[in-house]
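Geometric and topological summary
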Amino acid sequence: MPDRPGGGAVPDRARNRSTPDRGLGVRVPELPGLDLERLAAYLDRALPGLVAGALRGALLTGGRSNLTYAVTDGHSRWVLRRPPLGHVLATAHDMGREYRVMAALAPTPVPVPPMVHHCPDPAVLGAPFYLMGYVPGRVHREPADLAAWSPPQVRALALALVDLLAGLHTIDPAEVGLADFGRPDGFNARQVRRWKRQLDASRSRDLPGIDELHDRLTAAVPAVVAGAVLHGDFRLDNVLLGDDRTVRAVLDWEMSTLGDPLADLALSLLYASRVDAPGQPGTGELAARYAQRTGRPIDGLDWYLAFAAFKLAVILEGVHYRYVCGQTVGDGFDTVGARVPPLIAEGLAMIRRE
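Presented here is an overview of the structure given in this document. Fair warning: this is a prediction, and the values are worked out from it, not measured in the lab.

Observations concerning the overall build of the protein chain
The number of helices and strands found in the protein chain is nine helices and eleven strands. Expressed as a percentage of its 354 residues, the buried residues of the protein chain come to 57%. The contacts in the protein chain between residues at least 6 apart in sequence include a share of 77% that link residues at least 24 apart.

Following this line, the structure appears as structure tokens:
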């Protein structure tokens, strides 16, 4: 079982949003990656009675990894996820794993959308996909989205998110049927090797310093003290927030696995450090909060932060590669490549002080 469903993934802007009916007023039989007539025929066979009318759909704009669509029959609303249209790397975008982990977490305190159906057959839509229930809420993607929040509200949200991550990491994988979902032993070494392979598969330009960062990470890989269920990409814009500012659902589990929880924490802290809003706690406070909630030591966190920067740089480089190859759906891809060099520099600064 792989550590996670490969690379080529990226911070995903396609979401189960608060406005899923935008663009659903007319039937659109041909969307990029989604044939609604074929989907309706398949669902009539697989789940008789689920669909009560002609399907309408809309691509939830801006998706840079798995494609996400809002779908409705005029009575019920769903969200469909499938892999991107091009440059899908080996082991990437495993719809079955994403579906499985959310189904397993349904009875736990970690909020996830309700799973409806997983289709592993690529003949239906050109790739495996899954369907989940619609959860009302809003994704906050940009710092401006928090402009109306008071500093105490921003702080409360940040602490709630780190508490949620800590809660995920304290779930016993065996108790939710995920004992075989990954291999914690040797996780960090395999992850460094895996993301190096993803980098090599997406190289289209010179990236000074990235090979040094990889080599330094390889030379100082820490052992996993205790494994946990990882989200793999836990951050503010991977959760749906209700009107009461509470988390309604955690989304985008495509990188989930069993592994080192400090790797999950570090990537989350890297994202949190980029939330520029009054009241946002510093990463040191968030890390200490996590340690207190889980009872886990956070010694050696600089290595994990350096690896998080490396991983995110590789992810974004994969998006840049798909952009230059003309294999992206949505907008905003032209600026992704410029975000990679600063991440390399950040990772090098962290690993050099480790």
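Now that the structure has been shown, the text picks up again.
A closer look at the sheet that holds strand 5 (residues 77-82)
Ordered by their spatial adjacency, five strands build an open sheet running 3-4-5-7-6, and the pairing between neighbours is antiparallel. Of all strands in the sheet, those bounded by a partner on one side alone are strand 3 (56-59) and strand 6 (115-119). Between one strand axis and the next, the sheet turns through 20 degrees on average, direction left out of account. In the sheet, strand 6 pairs with strand 7 (residues 129-133) via four bridges, with the strands oriented antiparallel. Among the inter-strand pairings, Met115 is bridged to a residue of strand 7, identified as Met132. Taken strand by strand, helix 1 (residues 36-46) contacts strand 3, strand 4 (67-72), strand 5, strand 6 and strand 7, and its axis lies near 105 degrees from that of strand 6. Helix-sheet contacts for helix 2 (residues 95-105) involve strand 5, strand 6 and strand 7, and the interaxial angle to strand 6 is about 155 degrees.

Section: the pattern of salt bridges
Taken as a whole and assessed by the stated rule, the structure comprises 18 salt bridges. The partner of Arg289 in a salt bridge is Asp163, with the nearest N and O atoms 2.7 Å apart. Separated by 126 residues along the polypeptide, Arg289 in helix 7 (residues 283-294) and Asp163 in helix 3 (residues 151-169) bring together distant segments of the chain. Here Arg353 and Asp302 are joined by a salt bridge, their closest N and O atoms 3.0 Å apart. Of this pair, Arg353 sits in helix 9 (residues 340-353) while Asp302 sits in helix 8 (residues 301-324), and the two are 51 residues apart along the sequence. Since its relative accessible area comes to 54%, Arg353 is described here as exposed. One network of salt bridges, with partners in common, ties together Arg81, Glu98, Asp252 and Glu254.

A look at the packing of helix 4 (residues 187-201) against helix 5 (residues 210-219)
It is the contact of helix 4 with helix 5, at a shortest axis distance of 10 Å, that shows an interaxial angle of 165 degrees. Taken together, helix 4 and helix 5 sit at an angle that is classed as roughly antiparallel. For the pair helix 4 and helix 5, the crossing hand works out as left-handed. Here Val192, Lys196 and Leu199 of helix 4 come into contact with helix 5, specifically with Ile210, Asp211, His214, Leu217 and Thr218. Split by residue class, the contact of helix 4 with helix 5 holds four nonpolar, two polar and two charged.

Quick notes on the packing of helix 4 against helix 8
Relative to each other, helix 4 and helix 8 sit at 25 degrees, their axes nearing to 9 Å. Accordingly, the angle class assigned to the pair helix 4 and helix 8 is roughly parallel. Where helix 4 crosses over helix 8, the handedness of that crossing is left-handed. For the pair formed by helix 4 and helix 8, the contact residues are Asn188, Gln191, Val192, Trp195, Lys196, Gln198, Leu199 and Ala201 on the first element and Trp303, Tyr304, Phe307, Phe310, Lys311, Val314, Ile315 and Tyr321 on the second. Looking at the contact of helix 4 with helix 8 residue by residue, the classes come out as eleven nonpolar, three polar and two charged.

Let's talk about the pairing of strand 10 (residues 247-250)
Sheet topology note: the strand 9 (residues 239-241)/strand 10 ladder contains three bridges and is antiparallel. The partner of Leu241 across the bridge, within strand 10, is Val247.

Description of the packing of aromatic side chains
Scanning all chains against the criterion turns up four aromatic pairs. A ring pair is formed by Tyr42 and Phe129, whose centres lie 5.9 Å apart and whose planes are at 75 degrees; its orientation type is edge-to-face. Of this pair, Tyr42 sits in helix 1 while Phe129 sits in strand 7, and the two are 87 residues apart along the sequence. You can call Phe129 buried: its relative accessible area is 0%. Note on Tyr99 and Tyr130: the rings are 6.0 Å apart at their centroids and 70 degrees apart in plane angle, and the pair reads as edge-to-face. Separated by 31 residues along the polypeptide, Tyr99 in helix 2 and Tyr130 in strand 7 bring together distant segments of the chain.

Here we look at the nonpolar core
Across soluble globular proteins, you tend to see nonpolar side chains buried next to one another. Counting 86 residues, the largest nonpolar core has Val110, Leu217, Trp253 and Phe310 as its most contacted members. At 15 residues, helix 8 tops the list of elements feeding residues into this core. With near-sequence residues (within four places) excluded, Phe310 lies in contact with Val192, Trp195, Lys196, Leu199, Ile210, Leu213, His214 and Leu217. With 20 residues, the next largest nonpolar core counts Leu55, Leu67, Leu80 and Phe129 among its residues.

Let's talk about the environment of Ala54
Mapped onto the secondary structure, Ala54 falls in the loop between helix 1 and strand 3. A relative accessible area of 41% means that Ala54 is categorised as partly exposed. With 18 residues separating them along the chain, Ala54 and Thr72 place their C-alpha atoms 8.2 Å apart.

Some thoughts on unusual backbone geometry
Positioned with a positive phi, Arg245 is a non-glycine residue whose angle comes to about 70 degrees. Secondary-structure assignment places Arg245 in the loop between strand 9 and strand 10. Although it is not a glycine, Asp252 sits at a positive phi angle of roughly 60 degrees. By the element assignment, Asp252 lies in the loop between strand 10 and strand 11 (257-259).

Reading guide: rules and limits
Residues numbered from 1 in each chain as written. Predicted model: local features only at pLDDT ≥ 70, side-chain atom pairs only at ≥ 80, totals over all residues. Heavy atoms only, no water. Helix = DSSP H or I, 4+ residues; strand = E, 2+ residues; numbered from the N terminus. Buried < 20%, exposed > 50% of the residue type's maximum accessible area, 1.4 Å probe, protein only. Contact = heavy atoms within 4.5 Å. Pairing = 2+ DSSP bridges. Axes fitted to C-alpha atoms, helices over the stretch in contact; angles between N-to-C directions. Salt bridge = Lys/Arg side-chain N within 4 Å of Asp/Glu carboxyl O. Parallel < 35°, antiparallel > 145°, perpendicular 65-115°, else oblique. Left-handed = near helix turned anticlockwise from the far one by under 90°. Nonpolar A, V, L, I, M, F, W, Y, C, P; charged D, E, K, R; others polar. Phe/Tyr/Trp six-rings, centres within 6.5 Å; stacked < 30°, edge-to-face > 60°. Core = buried A, V, L, I, M, F, W, Y, C linked by side-chain atoms within 4.5 Å.

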